[in-house]
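# Per-entry structural report
Here's the letter readout for the chains.
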Amino acid sequence: MRKLQEAQGLDQLIEAGSAGFFPLFYQDWILESFSDQAEVRRISFSKAAETVHRVYKQIERHQSIERKKTAIQALQNEERKDFVLSFMKMVEHRTLDKVRELH
């Protein structure tokens, strides 16, 4: 049951991201994470999914988005960047899947 709740919560956040809404992140975190473009290209989808699930498991116990953001803020800077980039990779993958469905 817990796995199902994690999947649903994470799925909703990824879905919101594919619509351009990122409630888990401050704008500064996103900009900071994308400041090094070479880092962005190196992440595979499987590595991104692993990172997102690992970090989300740490923050999922918090009910509100603000508390989840506070938990993310407590991460080391590099870990937070990895999480943001990995999350964006998952959003990109979801968006591309939707585009393929339209063809």
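Below you will find a few notes about this structure.

Criteria and cut-off values
- Residues numbered from 1 in each chain as written.
- Predicted model: local features only at pLDDT ≥ 70, side-chain atom pairs only at ≥ 80, totals over all residues.
- Heavy atoms only, no water.
- Helix = DSSP H or I, 4+ residues; strand = E, 2+ residues; numbered from the N terminus.
- Buried < 20%, exposed > 50% of the residue type's maximum accessible area, 1.4 Å probe, protein only.
- Contact = heavy atoms within 4.5 Å.
- Areas by Shrake-Rupley, 256 points an atom, 1.4 Å probe, with all protein chains shown as cover.
- Polar contact = N/O pair within 3.5 Å; in protein donor to acceptor, adjacent residues only side chain to side chain.
- Core = buried A, V, L, I, M, F, W, Y, C linked by side-chain atoms within 4.5 Å.
- Expected span 1.5 Å × (residues − 1).
- Arc of directions from axis to C-beta.
- Phe/Tyr/Trp six-rings, centres within 6.5 Å; stacked < 30°, edge-to-face > 60°.

Within the protein one finds six helices and zero strands. Counting only residues that meet the buried cut, the protein has 36% of its 103 residues in that class. Pairs at least 24 apart in sequence give 83% of the contacts found in the protein among residues at least 6 apart. For the protein, the exposed area adds up to about 6,800 Å²; of that, 53% sits on carbon and sulfur atoms.

The residue glutamine 63 is located in the loop between α4 (45–59) and α5 (65–73) in this model. Reaching out from glutamine 63, the side chain makes a polar contact with the backbone oxygen of arginine 61 at a distance of 3.5 Å.

Attention now moves to the nonpolar core. Among soluble globular proteins, nonpolar side chains are generally buried collectively. By size, the foremost hydrophobic cluster in this structure holds 21 residues, and its most contacted members are Leu24, Phe25, Ile72, Phe83 and Phe87. When contributions to this core are tallied by element, the ones reaching two or more residues are α1 (2–18), α2 (27–33), α4, α5 and α6 (77–102). With six residues, α6 is the single largest residue contributor to this core. Apart from the residues within four sequence positions on either side, phenylalanine 87 is in contact with Leu10, Leu13, Ile14, Phe22, Phe25 and Val52.

Its 15 residues place the ends of α4 21 Å apart at the C-alpha level, agreeing with the 21 Å of an ideal helix rising 1.5 Å per residue. All of the buried residues along α4 are Ala48, Ala49, Thr51, Val52, Val55, Tyr56 and Ile59. Mapping the buried residues of α4 onto a view down its axis gives an arc of 165 degrees, with all of them on the same face. Those residues of α4 that are exposed and angled more than 90 degrees off the buried face are Ser46 and Glu50.

This paragraph deals with the environment of glycine 17. Topologically, glycine 17 is positioned in helix α1. Expressed as a C-alpha distance, the spacing of glycine 17 and glutamate 92, which sit 75 residues apart in the sequence, is 8.8 Å. In this structure, glycine 17 is in contact with Phe22 and Val91, ignoring residues within four places of it in sequence.

What follows deals with the packing of aromatic side chains. Throughout the structure, instances matching the rule amount to four aromatic pairs. On the basis of an interplanar angle of 80 degrees and a centroid distance of 4.8 Å, the ring pair of tyrosine 26 and tryptophan 29 is categorised as edge-to-face. For tyrosine 26, a relative accessible area of 32% corresponds to the partly exposed category. Tryptophan 29 sits in the buried class, given a relative accessible area of 8%. Summarising the aromatic geometry, the rings of phenylalanine 83 and phenylalanine 87 are spaced 6.3 Å apart at their centres and angled 55 degrees between planes, so their arrangement reads as tilted. Placement of both phenylalanine 83 and phenylalanine 87 in helix α6 is noted, with a separation of four residues, approximately one turn of the helix. Each member of the pair, phenylalanine 83 as well as phenylalanine 87, is classed as buried. Taken together, the ring pairs connect Phe25, Phe83 and Phe87 into an aromatic cluster.

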